[in-house]
Amino acid sequence: MDNLENFKRTGYCGVLRSADIDREIALTGWAAKIRDLGALVFIDLRDREGIVQLAFGETSPLLEKAKSVRPEFVLAVKGAVRERASKNPELPTGDIEIEVTELRILAKSETPPFEITDDCKTAEPIRMKHRYLDLRRPKLQKNLLLRHQIAKLTRDYFDENGFIEIETPTLIKSTPEGARDYLVPSRVQNGKFYALPQSPQLYKQLSMVAGFDRYMQIARCYRDEDLRADRQPEFTQIDLEMSFVEQEDVISMVEGYVRRVFDAILGIDIGEIPRMTYKAATERYGSDKPDLRFGLEIVDVTDILPDTRGIKAPKLSRKQIDKLSEFSKGIGGKGIVTQTAKFVTDEQRAELISRFGAGEDDVILLSRDTLGQLGSLRTELAKTLDIIPKGVFKPVWILEFPFFEFDAELGEYVAMHHPFTAPLDECLEYLETDKGKVRAKAYDLVLNGIELSSGSIRITEPGLQSRIFTLLGLSDEEANRKFGFLLEAFRYGAPPHGGMALGLDRLVMQLLECESLRDVTAFPKLQNASEPMTNAPDVVDGKQLTELGIKLLEQI
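Figured I'd write up the structure that's included with this text. (Residues numbered from 1 in each chain as written. Predicted model: local features only at pLDDT ≥ 70, side-chain atom pairs only at ≥ 80, totals over all residues. Heavy atoms only, no water.)

## A short note on helix H13 (residues 504–512)
Phase 1 of the analysis: Counted residue by residue, H13 has eight buried out of nine residues, so it is predominantly covered.
Phase 2 of the analysis: Considered for burial, the residues of H13 that qualify are Leu504, Asp505, Arg506, Leu507, Val508, Met509, Gln510 and Leu511. (Buried < 20%, exposed > 50% of the residue type's maximum accessible area, 1.4 Å probe, protein only. Helix = DSSP H or I, 4+ residues; strand = E, 2+ residues; numbered from the N terminus.)

Structural data, given as structure tokens:
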């Protein structure tokens, strides 16, 4: 084995080009692929920036040493950049190679459990078990490098606009935020618990009371909820809060940021982002997170057929229609029929065709499902028709969310947002009398059917905040126990303020059009919230539990 003594790298493998021909360079990296042709040996050297070919000729004194190299050996080399005889147009460095004059083998490697290539077909649990190897794949390294670029751009943008980055605590008081908290027991104060933050919500509001005016943070957050492709138990959000602002100011600031990201990362001008009310979004698309990359809008035809809505689609086969109907039933719906159904009269059929502007080959899918179920059907129909385009980005602002939503199981209205969201001024009169009419100063930014960020103007008047707590079923005692520190702070001059939080993980995932957050986070969790590489979560010994004053149920 060789060492690194007095060796100084001059740059990265993947950045070398024809302009570097005749340069003397020094590189480090991993052996990605070895081609032993007997009298010649070629080694692809890989680092975080890409791959470059190393060449060892017939007369090279290093030929035999090069023949001993195996995949994933760690190498350091010196040599001259030269024009490649057999160019590879698929590689950015494909026009050049390195004629090696010094080769050091810094570390050897066992045969990896899977091939380290972008088209690796090995099952995800095995790759997650060896995530440090999985992360050597060029695609994942590029993803994380792009994430770094976005994080830097984020800090630069908000710094230019007067924001101060403030770190808020990660051991905090447990407060209701809509999902389960991860709890952390206190050894010093036995029987008491911290929570890991679901967001820095209360601390950023208190920063406004403290007079910092404009706050931002790239914050780690935690939610103990079921996982899916766009959700992890720990995640990173771009968190911001602004004082002396109204809703339009926050939206304008975030829209400027998103436009900057798309321009800098993809070279795309997304233009002014359209806006839509919650009511319009749910009625037209069956979702408050509408995917605007395709049409297939929902049309209310209850004046023609009772309790019925429809979607116009291009020509569909009977088999496709039956599958869509089964899909509807599978999500709790009633199934679908078309305008040719036997119970539809000739007069109704003519009205439907006119309402939808349907052509001879078009099919009108009719349903009595809920708007939410129809929204899911709309997406499934788009997949069936294969009309969801790649490389297209359609952001939209969703405004005027309901302040309350009706919980059928509880038989009462509950908060749709966190309890610090302000209702629209014109809706204050309905707070006690007609909760269904109350809309919030809340706004979401949606991109291609995924919520990218969420925010609101906050309540800062103590009387209104106490009123909202009462409407949400919190007694004065309970509200004071959970949020007394915030209510007290508001008594000392709270400026009007509002903010937002953008999911950094989701933003990167969307820009790269990845299928899962696991493709853009370094060490993600699997579907069961486990991390197989370190075997987390894991049991702890009894001494630790005793120190914390904890006894497990099976021990009792």
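Moving on from the model shown.
## Some points on unusual backbone geometry
Phase 1 of the analysis: The step from Ala536 to Pro537 runs through a cis peptide bond, and the omega angle for that step is -5°.
Phase 2 of the analysis: If you trace the backbone, Pro537 turns up in the loop between H13 and helix H14 (542–548).
Phase 3 of the analysis: In this structure, Glu72 is a non-glycine residue whose phi angle is positive, near 75°.
Phase 4 of the analysis: Within the secondary structure layout, Glu72 lies in the loop between helix H1 (63–67) and strand S4 (74–83).
Phase 5 of the analysis: The buried category is assigned to Glu72, whose relative accessible area is 5%.
Phase 6 of the analysis: The backbone phi angle of Phe244 is positive, close to 60°, even though this residue is not glycine.
Phase 7 of the analysis: Its location among the elements puts Phe244 in the loop between strand S10 (234–243) and helix H6 (247–266).
Phase 8 of the analysis: Relative accessible area serves as the criterion here: at 62%, Phe244 is assigned to the exposed category.

## A few points about the layout of surface pockets
Phase 1 of the analysis: As a volume, the second largest pocket reaches approximately 770 Å³.
Phase 2 of the analysis: Where the lining of the second largest pocket is concerned, the elements lending two or more residues are strand S1 (24–36), strand S2 (41–47), strand S3 (50–56) and helix H4 (138–160).
Phase 3 of the analysis: Of the residues that constitute the lining of the second largest pocket, the class distribution is ten nonpolar, eight polar and 14 charged. (1 Å grid on protein atoms, 1.4 Å probe; cavity = no way out; pocket = protein on both sides within 12 Å on 5 of 7 lines; lining within 4 Å. Points joined across faces, edges and corners; volume = space filled by probe spheres on them. Nonpolar A, V, L, I, M, F, W, Y, C, P; charged D, E, K, R; others polar.)

## Observations regarding the pairing of S4
Phase 1 of the analysis: With seven bridges connecting them, S1 and S4 associate as antiparallel partners. Across the sheet, residue Leu27 finds its bridge partner in S4, namely Val77.
Phase 2 of the analysis: Inspection of the sheet shows S4 paired to strand S5 (residues 96–107) by ten bridges, in the antiparallel sense. Bridge pairing in S5 places Ala76 opposite Arg104. (Pairing = 2+ DSSP bridges.)

## Here we look at the sheet that holds strand S11 (residues 275–277)
Phase 1 of the analysis: Strands sit in the order S6-S9-S10-S21-S20-S19-S16-S11 across an open sheet of eight strands; the sheet is mixed. Of all strands in the sheet, those with a lone pairing partner are strand S6 (164–165) and S11, marking the two edges.
Phase 2 of the analysis: Pairing of strand S20 (residues 450–457) with strand S21 (residues 497–503) involves five bridges; the strand directions are antiparallel. The residue of S21 that forms the bridge with Ser453 is Leu502.
Phase 3 of the analysis: Against the sheet, helix H5 (residues 201–209) engages strand S9 (214–222), S10 and S21, with an angle of about 25° to S10. (Contact = heavy atoms within 4.5 Å. Axes fitted to C-alpha atoms, helices over the stretch in contact; angles between N-to-C directions.)

## Quick look at the side chain of Ser207
Phase 1 of the analysis: Here Ser207 lies in helix H5.
Phase 2 of the analysis: The class of Ser207 is buried, set by a relative accessible area of 9%.
Phase 3 of the analysis: Residues within four places of Ser207 in sequence aside, it is in contact with Ile166 and Phe212.

## Considering the nonpolar core
Phase 1 of the analysis: The biggest cluster of nonpolar side chains holds 43 residues, and the ones touching the most others in it are Ile150, Phe158, Leu240, Val254, Tyr257 and Trp397.
Phase 2 of the analysis: Among the elements that take part in this core, H6 stands out by supplying nine residues, more than any other.
Phase 3 of the analysis: Phe158 has contacts with Phe163, Met216, Ile238, Leu240, Met253 and Tyr257, leaving out every residue within four places of it along the chain.
Phase 4 of the analysis: Among the nonpolar cores identified, the runner-up in size contains 24 residues, and Leu27, Val41, Leu75 and Val81 belong to it. (Core = buried A, V, L, I, M, F, W, Y, C linked by side-chain atoms within 4.5 Å.)

## Digging into the packing of H4 against H6
Phase 1 of the analysis: Where H4 contacts H6, the axes come no closer than 10 Å and their chain directions differ by 140°. In terms of orientation, H4 and H6 fall into the oblique class. When you trace H4 past H6, the crossing you get is right-handed. Here H4 contributes Leu146, Gln149, Ile150, Leu153, Thr154, Tyr157, Phe158 and Glu160 to the contact with H6, which in turn contributes Met253, Gly256, Tyr257, Arg260, Val261, Ala264 and Ile265.
Phase 2 of the analysis: Residue composition of the contact of H4 with H6, by class: ten nonpolar, three polar and two charged. (Parallel < 35°, antiparallel > 145°, perpendicular 65-115°, else oblique. Left-handed = near helix turned anticlockwise from the far one by under 90°.)

## Let's talk about the environment of Asp369
Phase 1 of the analysis: Tracing the backbone shows Asp369 in the loop between strand S15 (363–367) and helix H10 (371–385).
Phase 2 of the analysis: Distance from Asp369 to Gly333, taken between C-alpha atoms, is 5.2 Å for residues 36 residues apart in sequence.
Phase 3 of the analysis: Only 2.6 Å separates the side chain of Asp369 from the backbone nitrogen of Lys334, close enough to count as a polar contact. (Polar contact = N/O pair within 3.5 Å; in protein donor to acceptor, adjacent residues only side chain to side chain.)

## A few points about the sheet that holds S1
Phase 1 of the analysis: Pairing in this closed barrel of five strands is mixed, and the strands run S1-S2-S3-S5-S4 around the ring. Strand-to-strand twist in this sheet, taken as the mean axis angle between neighbours without regard to direction, amounts to 55°.

## Topic: empty space enclosed by the protein
Phase 1 of the analysis: The full count for this structure, using the stated rule, is two cavities of 30 Å³ or more.
Phase 2 of the analysis: Taken as a whole, the largest cavity encloses approximately 40 Å³ of empty space.
Phase 3 of the analysis: Lining the largest cavity are Arg46, Asp47, Arg48, Glu49, Gly50, Arg136, Pro138, Gln141 and Lys142.
Phase 4 of the analysis: Classifying every residue of the lining of the largest cavity gives one nonpolar, two polar and six charged.
Phase 5 of the analysis: Approximately 40 Å³ is the volume found for the second largest cavity.
Phase 6 of the analysis: Forming the boundary of the second largest cavity are Met128, Arg131, Phe523, Pro524, Glu531 and Met533.
Phase 7 of the analysis: Residues that form the lining of the second largest cavity fall into these classes: four nonpolar, no polar and two charged.

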